[in-house]
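Each chain, written out:
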Amino acid sequence: MSILRLEHVSKDYITEGIPVAALRDVSLEAGRGEFVVVAGRSGCGKSTLLNLAGAMDFPTSGTVMLDGVATSSLGERGLTRLRREKVGFVFQSFQLLPTLSVVENVELPLMLAGRGDAREAALERLGWVEMDSYAARMPYQLSGGQMQRVAIARALVHSPALLLADEPTGNLDNATSDLILALLRRIANEKDTTILMATHNLEAAGAADTVIHLRDGCVQELHQPVKRKSAC
Amino acid sequence: MLTRAVLFHRLILRPLRREPVRTSLTAIAVALGIAAVLAIELAGEAAAGSFRSSMETLIGNVDFEVTATGGIPPEALARLAALPYAFKIHPRMEDYASIRATGRTVPLVGVDLVSESLGATTSDAAAFEHDDSVWAGSGLGYKMGDRVELLINDVSSEYTVRGVLGDRSGEAMVMDLAQATRVLHRSGRLDRILIEVPVGRSTEEWESLLRQALPEGVCVAPEGTRSDENRRMLAAFRWNLRVLSYISLAVGAFLIYNTISVSVVRRRFEIGILRALGATRGAVMAAFLGEAASFGLAGAAVGIVLGRLLAVGAVRLVAATVQSLYVSSRPAPILLTWDAAALAVVVGVGVSVVSALSPAWEASLVAPVEAMARGRREHEARVHRWRDLCVAVALAGGAWIASRQEPVSGKPMFGYFAAVLLLGASALAIPALVSGLSSASAGILRRLLGVEALLATRSLAGSLRRTSVLVGALSTAIAMLAAVGIMVGSFRQTVIVWMGDRLQADLFLRPAVPPGADRYPTMSAAIPDRLSRLPEVAAVDQFRAYEISYQGMPAILGGGEARIAGRYGNRPLVSGASPQSVFRQLVGTDTVIVSEPFANKHRVRAGDVLTLPLAGQRAAFRVIDVYYDYSNERGFIIMDRGTLLKYLPDPEPSNVAVYLKAGVPPDQGRRAVEAALSGHGVLVASNRSLREEAMRIFDRTFAITYALEAVAVFVAVMGVGGALLALVIDRRHEFALLRFLGGAGSQLRRMILFEAGLLGLLANVAGLILGFFLSLLLIYVINKQSFGWTIQFHWPVAVLVSALSVVYIATLLAGLYPARVATQLVPIDVIHEE
């Protein structure tokens, strides 16, 4: 069963009164445990695709199905609930809250969802990314690679079906990038989490099961098993 | 120069325009502070500027005035007239009359209409020979031939307006000297003689010459001395009011500091880039000081207009207090002069620039590489909190030492300095308080109120410096509110207790002419005798008051029935001695007791001897005790009525207190007294109604204080709103992230409101602690040294709880708009900014 399915999805933005197409007629499907990389130059629509996939935005046309639920059918409250349960986010600039400790950052999504087992789950996820010994530290005491591992732990704390990573290695050196990619690969394999990663770095795409090349909002090329239904 | 102006516009002013709400809030906060200062300045000038009332201006320019307690004996005029100089001498009778139809109290002046021309339009030359003739000041609106009923002392009569006086006459009602002497029962004694001297000698020479010519006990002083005395008397009142008005500006200063600090923190990257591109440290500092000056200028522009408008209300309140406590005067027109406007600009820009010095200096120290180290500033603020706490303790110690010092030229300068030190101590202790309370409460709040409370607590503790400045601003306003609230509440309670002791009589009588702090109308001497014969009456205490000048300051000389006051009354004494024994000592001896304000103002203690010029002689009186008094700030010298009559043999009392026999119902006693008073314009007040009236005047007196406090709190709450808005804008990434992590809009709103609530709570706690210590300063140092009153400390719990609740709710409301802004952020756009 597919965790994420996009059917003929288009997304337009209005910039200074002029409509700009960020995505055009994109369809794709990702199954459980699959590691999908969306590659392309800056401004090709990668982030827009991730936002639609993560129920942060609605498509102008087409359907986004997240674990069998069409995001367009939900209101603000439903979308929030869907994100809380199904989606984890990892960002290029880590986005850890500087005022919270490592473990407090990780348990944050569970707390926002009102769950009581936050600390236990957070420590477990920190163990997955080998950061459990840093639980009490503050973000400014960590290196970039360590911060990103904490961000990944946070994205996984509520056991999401889909992990969205937007340029997760963009701020890291090569060696650290390799470690983070290996970690994501391991998570997809071991935890059966679907990963959709946006990157402009083709080397980073080497860890993926499927690579989608975007250009000007269209799927230009697709490598390997993800089933592409159509392209413009 | 032009290039710098362009750069200043691009780098400083343009970003301010991008956040119009926050920029406006800061500018308005400064404007309100300036408006409060300007309004009090203008109102103080207007309320005190009318001492040269129609009493003084009626004649025009004169050189000297001659006065004597109890009236100038007739031989003084004869001696002056006999001097071989070309003096112009203007004998005067002066009092007040109440116009029955309007209830308006106006000066009543008796002049020698035969020899003096007052520029009057008059019906016939002999009009002043009629018994019912008056001439109306041009400001009263009467015309020739009008009939007017005047209440003079306790007698009401109808008069005919025989003419209207010239332009300088204002609101005076004038009658002929002879007629005034009859109406006012002055028995030939004059109230004042004004003298114009010829040129050729110095003022000092003329004064010396006149003094030698006049009998002992008659005073001569250059014209305007009385106005100067009144001004000196009002100085402490105006000074304290002025200090209060600066509180709003001080709160505004905190907010400027916060705004510029935020500006610096936000632009560390920009500053780094500019430094790398060649900007000097001086240029960076000047840019941020320029930003502060812009707020000051904008605030001054709005503040001048607002201050002029607020002055209209303020002058009413200030004038009422001046009338009640100090001197009869009508407020002069409010004059917004260039000087006052310049003061507003200088104060506004000056305070803004000084407030911004620290953050601007910090900005100048930013190195390009340092600009990349995010979070470092907050970390440094946290590290220094213990050091700051130690400095705070030292400042508090300094405040304690300063509070023990004597006043400087009658002003509690060290008291104010102690207050400033306490404010500094509080500002420095706040980071530790915020940090301590945040860590202590984070766990509890999280358990009780959820993740939003935890995030709010951590956010406040994380932005320690900014939080501390906000808490500092709000707590300063709350502290002043609490301090003044405690002081006024304590004062009120002290007065209530004092009145319980002091006002033992059942009924109090006074002439129906409205009283003033410097007006002592009298009633018929027959009244006390008539009352004491009533079967319901146990005793009658009659009191006569005279306005005197003691050591260049106005004071009140009074005489009461010491035997009766000792037997029935209970005047609390500072020494703790029994009032009965002290009053017994007053009988038949040249001894006096003085009120506490008089004792403190003139540094008089029991055992001292006062020399008073009385009716042609200088008489010495030994002070045997000091009594607590809260009815007048001028201060009383009280002697036995018998002693007073020995020197000033005018039997008419100013006030009469009636003690009813045991078992006589107050209403029955009152009816009997009123029946005995028929035909006299005398008001009878019961013990209860007198107390109620006193408290009404008390509350009115402090209305201006509360108004100023309200402005300060309003400024602070607005500042919190603006600062929370800045916080939301700065932390938009955090809010966007929370949305990505599953946070709902309602959770963000709760989080901001929690932050506002926590800020309010911290400010209330800090403000209450600081306010308590400031109230001790106000009660035991500043008030004591300014006005000389002993106030017993009292917690006005209800007032404090309601005031602090209002502030707390206002702070929460101030968080609503920033919360709305936070929930309306589009997470994708915000994250995409990076």
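Definitions and limits used
- Residues numbered from 1 in each chain as written.
- Chains lettered and ligands numbered in written order.
- Predicted model: local features only at pLDDT ≥ 70, side-chain atom pairs only at ≥ 80, totals over all residues.
- Contact = placed C-beta atoms within 7 Å.
- Helix = DSSP H or I, 4+ residues; strand = E, 2+ residues; numbered from the N terminus.
- pLDDT = per-residue confidence, 0-100.
- Pairing = 2+ DSSP bridges.
- Axes fitted to C-alpha atoms, helices over the stretch in contact; angles between N-to-C directions.
- Expected span 1.5 Å × (residues − 1).
- Buried ≥ 20, exposed ≤ 12 C-beta atoms within 10 Å, placed from the backbone.
- Parallel < 35°, antiparallel > 145°, perpendicular 65-115°, else oblique.
- Left-handed = near helix turned anticlockwise from the far one by under 90°.
- Core = buried A, V, L, I, M, F, W, Y, C linked by C-beta atoms within 7 Å.

## Some words on the interface of chain B and chain A
If you look at the interface, chain B gives 22 residues, while chain A gives 22 residues. Sorting the residues of the side of chain B that touches chain A by element identifies α14 (451–462), α24 (732–740), α25 (745–786) and α28 (827–832) of chain B as the ones contributing at least two each.

## What to know about the confidence of the model for chain A
All names here are of chain A. Considering every residue of chain A, the mean pLDDT works out to 86; 96% of them sit at 70 or more. Within chain A, the lowest mean pLDDT, 81, falls on strand β10 (residues 218–223), and the highest, 93, falls on strand β4 (residues 61–66). Low confidence marks residues 225–232, where pLDDT is under 50. Its contacts with residues over four positions away, or in another chain, come to 21 contacts.

## Comments concerning the sheet that holds strand β7 (residues 162–166) of chain A
In a beta sheet, neighbouring strands are held together by backbone hydrogen bonds and run either parallel or antiparallel to one another. Residue and element names in this part refer to chain A. Strands sit in the order β6-β7-β8-β3-β9-β10 across an open sheet of six strands; the sheet is mixed. Of all strands in the sheet, those with a lone pairing partner are β6 (87–90) and β10, marking the two edges. Strand-to-strand, the axes of this sheet are offset by a mean angle of 20 degrees, without reference to chain direction. Bridge count for strand β3 (residues 35–39) against strand β8 (residues 194–199) is five bridges, and the pairing is parallel. Note that in β8 the partner of Ala39 across the bridge is Thr199. Running over the sheet, helix α5 (residues 144–156) touches β6 and β7 and is turned about 170 degrees from β6.

## Observations regarding the environment of His130 of chain B
Structurally, His130 of chain B can be placed in the loop between β4 (121–122) and β5 (133–136). Spatially, the C-alpha atoms of His130 of chain B and Leu25 of chain B are 67 Å apart, while their sequence positions differ by 105 residues.

## Some words on α5 of chain A
Residues and elements named next belong to chain A. In this model α5 runs 18 Å from its N-terminal to its C-terminal C-alpha over 13 residues, within 8% of the 18 Å that 1.5 Å per residue would give. Extensive coverage of α5 is indicated by the burial of ten of its 13 residues. Contacts made by the buried residues of α5 are with β6, α3 (102–112), α4 (118–128), β7 and α6 (174–191).

## Description of the pairing of strand β16 (residues 617–627) of chain B
Residues and elements named next belong to chain B. As paired strands, strand β14 (residues 591–595) and β16 are joined by five bridges and run parallel to one another. The residue of β16 that forms the bridge with Val592 is Val623. For strand β15 (residues 609–614) and β16, the ladder comprises six bridges, and the chain directions are antiparallel. Considered in β16, the bridge of Leu610 is made with Phe621.

## Some points on the packing of helix α23 (residues 703–730) of chain B against helix α27 (residues 816–824) of chain B
Residue and element names in this part refer to chain B. Running from amino to carboxyl end, α23 crosses α27 at an angle of 15 degrees, the nearest separation of the two axes being 8 Å. Classified by the interaxial angle, the pair formed by α23 and α27 is roughly parallel. By crossing handedness, the relation of α23 to α27 is classed as right-handed. Within the contact between the two elements, α23 uses Gly721, Leu724, Leu725, Leu727 and Val728 and α27 uses Tyr817, Pro818, Val821 and Ala822.

## Here we look at unusual backbone geometry
Both trends apply: most residues other than glycine have a negative phi, and most peptide bonds are in trans. Positive phi, close to 55 degrees, is recorded for Gln95 of chain A, a residue that is not glycine. Mapped onto the elements of the fold, Gln95 of chain A is located in the loop between β6 and α3. For Arg603 of chain B, which is not glycine, the phi torsion reads 50 degrees and is therefore positive. When you line up the elements, Arg603 of chain B lands in the loop between α19 (596–602) and β15.

## Some points on the sheet that holds strand β13 (residues 553–560) of chain B
Residues and elements named next belong to chain B. Reading across from one edge, β15-β16-β14-β17-β13-β12-β18-β11-β19 is the order of the nine strands in this open sheet, with mixed pairing throughout. The sheet terminates laterally at β15 and β19 (682–686), the two strands that pair on one side only. Neighbour-to-neighbour, the strand axes of the sheet open up by a mean angle of 30 degrees, direction not taken into account. Direction of pairing for strand β12 (residues 537–550) relative to β13: antiparallel, over a ladder of seven bridges. Among the inter-strand pairings, Ala545 is bridged to a residue of β13, identified as Gly558. Here helix α22 (residues 687–701) sits on the sheet in contact with β11 (507–511) and β19, set at roughly 95 degrees to β19.

## Some words on the nonpolar core
In terms of nonpolar packing, the biggest core is built from 241 residues, with Leu184 and Leu196 of chain A together with Ala477 of chain B touching the most fellow members. It is helix α15 (residues 464–502) of chain B that provides the largest number of residues to this core, a total of 20 residues. Ignoring anything within four residues of it in the chain, the contact list for Leu184 of chain A reads Phe35, Ala165, Ile195, Met197 and Ala207 of chain A. Membership of the second largest hydrophobic core comes to 44 residues, among which are Ala136, Val161, Val164 and Ala180 of chain B.

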